[in-house]
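Listed below are the residues making up each chain.
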Amino acid sequence: MKKNIMLTSVILGLASTAILFTGCNKPTERPSTVNNAIAASLYTIKDINEITGASSKDPKKVYYSGEEKPEVSKLDSTLKQIKIDDKIQSLLNLVASESTNKMLNDHLKTGVIAIVVLDDQVKILKLVPETSGSYDLTLTSFAYLSNIKALIKTSDAGAQARLITVLDSIRDKSPAQLGEKFCLVEISAIVVKSFGNLDNERTDYKEKKSILNVTPAPFEVSTHIIVGTEVGAEAAGLQASATK
C-alpha cells in the first residue's frame with residue numbers, strides 16, 4: 001500500500017513538472033502591428049466611403065465639413081452625406097498644391113466632395129449641380145465613374161467587354177444627357193502606390209511575424225491601399241529642382 005502511494009506521488013510530481021515545463025516553453029504570441037514604414041500611408045478601402053455605390057445597401061456617399069450639411073437632396077435623394085473624419089482629412093492633406101488646396105477648402109465651406117478609389121489613384125471630386133446640358137471635358141458623370149470602377153473591379157472577360165461598350169457609348173455625353181442632376185469635377189488625385197490585403201509578414205520558413213504588411217492581390221479582392229503623393233506632385237518637384 002505504501003509502495004502504491006509513493007508511486008502515485010512520483011507520477012503526480014512528474015506530471016506537474018511536465019505541465020510547468022510545457023507552460024514555460026510555450027511561445028507567447030505578440031499582438032500584430034502595422035509596419036511603421038506604411039502605417040501613415042495605409043488606408044482600408046471600405047473606410048473610404050465612395051460615391052460609386054449604386055444600391056440601397058451601398059448608397060452614393062459624399063463628404064462635407066463644418067457643422068451644417070449642405071443641401072444636396074434636391075440634386076439626388078440617394079446621396080448620403082458623411083462628415084469628414086480624421087482619416088479622410090489625412091487623405092485630403094496630401095493635396096499639396098496651394099491653389100488646389102484652396103479650391104478644395106473653398107468648395108467645402110458650402111458644398112460637398114466625392115471620393116473614388118481606383119487601382120492607380122484616389123480621385124477627389126467636387127459635386128456641383130448640372131447646368132451645362134452639353135459635353136464639357138471638365139465634367140464627369142456619375143454613370144461614367146461608376147462604370148470605370150466596375151471595370152477595374154472585375155476580372156471576368158465578358159463583363160469587361162460589356163462595360164467597355166457602355167463606357168464608349170457614354171464617354172462623350174454630359175451628365176444632363178444621362179439624366180443626372182449633378183456632375184463631378186476633379187479637384188485632385190492621390191497616387192495609389194500598391195494595393196492588396198493586410199496580413200502578417202512571414203519568415204523564410206513561412207512562420208508568421210507580428211508585423212502586418214500589405215500582400216499584393218487583384219484589385220477586385222483587395223482590402224487596403226498604400227497611397228503616395230498628389231498626382232503630378234513628384235513631377236512638379238523635379239521640374240522645380242531642375243530650374244534652380
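Residues numbered from 1 in each chain as written. Predicted model: local features only at pLDDT ≥ 70, side-chain atom pairs only at ≥ 80, totals over all residues. Heavy atoms only, no water.

Trainee: Sorry, what's going on with the overall build of the chain here?
Mentor: From N to C terminus, the chain includes 6 helices and 9 strands. For the chain, the proportion of its 244 residues judged to be buried stands at 36%. Taking all contacts inside the chain whose residues are at least 6 apart in sequence as the whole, residues at least 24 apart take part in 67%. When the accessible area of the chain is evaluated, it comes to approximately 15200 Å², of which 56% is carbon and sulfur surface. (Helix = DSSP H or I, 4+ residues; strand = E, 2+ residues; numbered from the N terminus. Buried < 20%, exposed > 50% of the residue type's maximum accessible area, 1.4 Å probe, protein only. Contact = heavy atoms within 4.5 Å. Areas by Shrake-Rupley, 256 points an atom, 1.4 Å probe, with all protein chains shown as cover.)

Trainee: Could you clarify how one ought to interpret the pattern of salt bridges in this entry?
Mentor: Think of it this way: side chains of opposite charge can pair up when their charged atoms draw near. Evaluation of the coordinates by the stated rule reveals 9 salt bridges. Here lysine 61 makes a salt bridge to aspartate 58, at a shortest N to O gap of 2.7 Å. The exposure class assigned to aspartate 58 is partly exposed, which follows from its relative accessible area of 37%. Among the ionic pairs, lysine 83 bridges to glutamate 67, the shortest N-O distance being 3.2 Å. Residue lysine 83 is located in strand E4 (residues 80–83), and its partner glutamate 67 is located in the loop between strand E3 (61–64) and E4; the two are separated by 16 residues in the primary sequence. Among the ionic contacts, a cluster of salt bridges with common partners joins Lys102, Asp106 and Lys109. (Salt bridge = Lys/Arg side-chain N within 4 Å of Asp/Glu carboxyl O.)

Trainee: Quick question: what am I supposed to make of the confidence of the model for the chain here?
Mentor: In regions of low pLDDT, the predicted coordinates are not meant to be interpreted in detail. Residues with a pLDDT of 70 or more make up 80% of the chain, whose mean pLDDT is 84. Scored below 50 in pLDDT, residues 235–244 shows 0 contacts in the model against residues more than four places distant or in partner chains. (pLDDT = per-residue confidence, 0-100.)

Trainee: Even after reading the chapter, I still don't get helix H3 (residues 98–108), so can you show me in this structure?
Mentor: Think of an α-helix as 3.6 residues a turn; residues three or four steps apart then line up on the same face. Residues Thr100, Leu104, His107 and Leu108 constitute the buried set of H3. Buried positions in H3, seen along its axis, are confined to an arc of 100 degrees and lie on one side of it. Of the exposed residues in H3, those oriented more than 90 degrees away from the buried face are Glu98, Ser99 and Lys102. For H3, the elements touching its buried residues are E3, helix H2 (86–92), strand E5 (112–117), strand E6 (121–129), strand E7 (182–202) and strand E9 (224–230). (Arc of directions from axis to C-beta.)

Trainee: Quick question: what am I supposed to make of the pairing of E9 here?
Mentor: Within a regular strand, side chains alternate between the sheet's two faces. For E9, the tally of buried residues reaches 6 of 7 residues, placing the bulk of the element in the interior. Relative to E9, strand E2 (residues 42–44) is paired through 3 bridges, and the arrangement is antiparallel. Opposite threonine 44, over in E9, you have histidine 224 as the bridge partner. Across 5 bridges, the pairing between E7 and E9 is antiparallel. Bridging from a neighbouring strand, serine 194 pairs with isoleucine 226 of E9. (Pairing = 2+ DSSP bridges.)

Trainee: What is the right way to look at the environment of glutamine 89 in this model?
Mentor: Along the chain, glutamine 89 falls in helix H2. Given a relative accessible area of 33%, glutamine 89 falls into the partly exposed group.

Trainee: When you look at the packing of helix H4 (residues 142–152) against helix H5 (residues 157–170) in this model, what are you seeing that I'm missing?
Mentor: Each pair of packed helices can be summarised by the angle the axes make with each other and by the distance between the axes. As a packed pair, H4 and H5 sit with axes 10 Å apart at the nearest point and diverge in direction by 160 degrees. Of the possible angle classes, the one that applies to H4 and H5 is roughly antiparallel. In terms of crossing hand, the pair formed by H4 and H5 is left-handed. On H5, the residues that touch Ala143, Tyr144, Asn147, Ile148, Ala150 and Leu151 of H4 are Gln160, Leu163, Ile164, Val166, Leu167 and Ile170. Of the residues contributing to the contact of H4 with H5, the split by class is 10 nonpolar, 2 polar and no charged. (Axes fitted to C-alpha atoms, helices over the stretch in contact; angles between N-to-C directions. Parallel < 35°, antiparallel > 145°, perpendicular 65-115°, else oblique. Left-handed = near helix turned anticlockwise from the far one by under 90°. Nonpolar A, V, L, I, M, F, W, Y, C, P; charged D, E, K, R; others polar.)

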